[in-house]
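# Examination of the molecular architecture
Now for the letters of each chain:
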Amino acid sequence: MSTILVTGGTGYIGSHACVELIESGYDVIVMDNLYNSTEASLGRIEQITGIRPKFYKTDLLDEEGLKKIFAENSIDAVIHFAGYKAVGESVAKPLLYYENNIKGSINLYAAMKEAGVKRIVFSSSATVYGDPVRVPISEDFDVHTTNPYGTTKLMNEMILSDIAAADPEWSVLLLRYFNPIGAHPSGLLGEVPNGVPNNLVPYIARVASGQLEYLRVWGNDYPTVDGTGVRDYIHVVDLAKGHISAVAYALEHNGVEKINLGTGNGYSVLQVLHAYEKACGKELPYKIMERRPGDIASCYADTAKAEKLLGWKAQYGIDEMCRDSWNFTLKNPNGIE
Ligand code: NAD
Ligand code: UD1
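### Describing the site of ligand 1
Around ligand 1 sit 27 residues in total, of which D32, N36, S37, N100 and Y149 are the nearest. Within the side chain of K85, an N or O atom sits 2.7 Å from an oxygen atom of ligand 1. At 2.9 Å from an oxygen atom of ligand 1 is found a side-chain nitrogen or oxygen belonging to K153. Here ligand 1, which alone exposes 820 Å², has 95% of that area covered by the protein. Broken down by secondary-structure element, the contributors of at least two residues to the shell around ligand 1 are α1 (12–23), β5 (119–125) and α6 (148–166). Of the residues forming the shell around ligand 1, the biggest block, three residues, is contributed by β5.

### Concerning the packing of helix α3 (residues 63–72) against helix α5 (residues 94–115)
Each pair of packed helices can be summarised by the angle the axes make with each other and by the distance between the axes. Close contact between α3 and α5 brings their axes to 9 Å; oriented N to C, the two are set at 40°. Handedness of the crossing formed by α3 with α5: right-handed. Across from E63, L66, K67 and F70 in α3, the residues of α5 making contact are N107, L108, A111, M112, E114 and A115. A breakdown of the residues in the contact of α3 with α5 according to their chemical character gives six nonpolar, one polar and three charged.

### Considering the nonpolar core
Ranked by internal contacts, the top residues of the largest apolar core, which has 44 residues, are I4, L21, V121, L173, L175, V247 and L261. Tallying contributions element by element places helix α8 (residues 236–252) first for this core, with eight residues. The contact partners of L21, leaving out residues within four places of it in the chain, are I4, V6, Y26, V28, I79, I244 and V247.

### A closer look at the side chain of H16
With respect to the secondary-structure elements, H16 resides in helix α1. Judged by relative accessible area, which is 1%, H16 ranks as buried. A polar side-chain atom of H16 sits 2.7 Å from the main-chain carbonyl oxygen of Y12. Of note is the side chain of H16, whose polar atom sits 3.0 Å from the backbone nitrogen of H184. If near-sequence neighbours (up to four positions away) are discounted, H16 is found in contact with A183, H184, L189, G190, V236, V237 and A240.

Rules and cut-offs
Residues numbered from 1 in each chain as written. Chains lettered and ligands numbered in written order. Predicted model: local features only at pLDDT ≥ 70, side-chain atom pairs only at ≥ 80, totals over all residues. Heavy atoms only, no water. Near = heavy atom within 4 Å. Polar contact = N/O pair within 3.5 Å; in protein donor to acceptor, adjacent residues only side chain to side chain. Areas by Shrake-Rupley, 256 points an atom, 1.4 Å probe, with all protein chains shown as cover. Helix = DSSP H or I, 4+ residues; strand = E, 2+ residues; numbered from the N terminus. Axes fitted to C-alpha atoms, helices over the stretch in contact; angles between N-to-C directions. Left-handed = near helix turned anticlockwise from the far one by under 90°. Contact = heavy atoms within 4.5 Å. Nonpolar A, V, L, I, M, F, W, Y, C, P; charged D, E, K, R; others polar. Core = buried A, V, L, I, M, F, W, Y, C linked by side-chain atoms within 4.5 Å. Buried < 20%, exposed > 50% of the residue type's maximum accessible area, 1.4 Å probe, protein only.

Any functional reading would require information beyond the geometric quantities listed.
Structure, rendered in structure tokens:
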């Protein structure tokens, strides 16, 4: 079976992808600098799958460290999750984001080139669509970004496309995630936000657990079903499974593909809040606030390409996403340790 290097493999999405890769029979090597995750994720992956992936505590900015990983292992493909992801922080510290997400990624691509590894699945984001002209969003929509984080995603897409244009043996899958939420149904893996969460579901989870008083709903005057923002929430296990289909495709085909990973369904802030109330069995307080600057009304995916090209389709619904988020929250009051 093929060997896959997973950068950012101890993080939220990466750890779930490791589980699915191992369960699909792949050999998995994880590299992460543990900036936003802990080594304990590896123990959790082992608890679920029975296998602890080989681990390198390496920074993308450490060129020699990267070369060593490729020299010591026969790697068939890379799934590249590692990077910084906080939009607000990227506006305040653009250089930090460009250094980590661009320079770090270029180091990775250079190490791959040197080792002759030419297959990569990259974590992009629906943020590259900016404020879309309509929904659902398909891959041929115009791209433009509104913050440095989004720009690092778009720049990586362009860099990888140029690499593949220069050498047709490369296989590049650019996966544009919509809004990943939820946790592994075992309750062993999930998202552990650093500080007060910015994203909706991690925030609601803290209201449900009593750590935050109420949800601040950012605006209820959008042209949506109930005036609150609509997004395409996708269960992190479905997203992880999308990577298995993507890596299998990358191992068999050359060239570049941009693919949306979403469910194709949009839910409003209040619909998500009510689904979470069902999951945790209590009413959750909220207050309507002003709109959050930079937010858009509605964002959900056209999923036809993922279905056609990868034969992949999300299976979980919003109730299961909230159930698994709450289960993880209850079982891990201090995060993954
Ligand atoms: P995460 O922070 O949980 O995981 C990222 C991992 O990368 C962390 O474990 C962190 O320690 C590691 N990392 C960061 N910089 C590194 C470096 N220089 N060297 C080595 N390791 C480094 O984030 P996540 O939610 O799992 O996101 C994974 C990827 O998916 C990211 O690239 C993110 O931008 C992208 N993405 C996430 C979302 C989302 O909502 N979570 C949406 C769209 C795209
Ligand atoms: C955010 C990021 C985006 C990233 C995506 C997935 C911003 C501006 N955008 O998008 O780049 O790709 O996460 O990680 O940060 N909401 C509330 N109250 C809250 C939190 C959120 O009402 O406390 C609302 C928002 O207004 C939005 C919806 O919930 O309508 C989802 O918000 P969020 O989880 O932050 O995701 P995005 O805005 O889609």
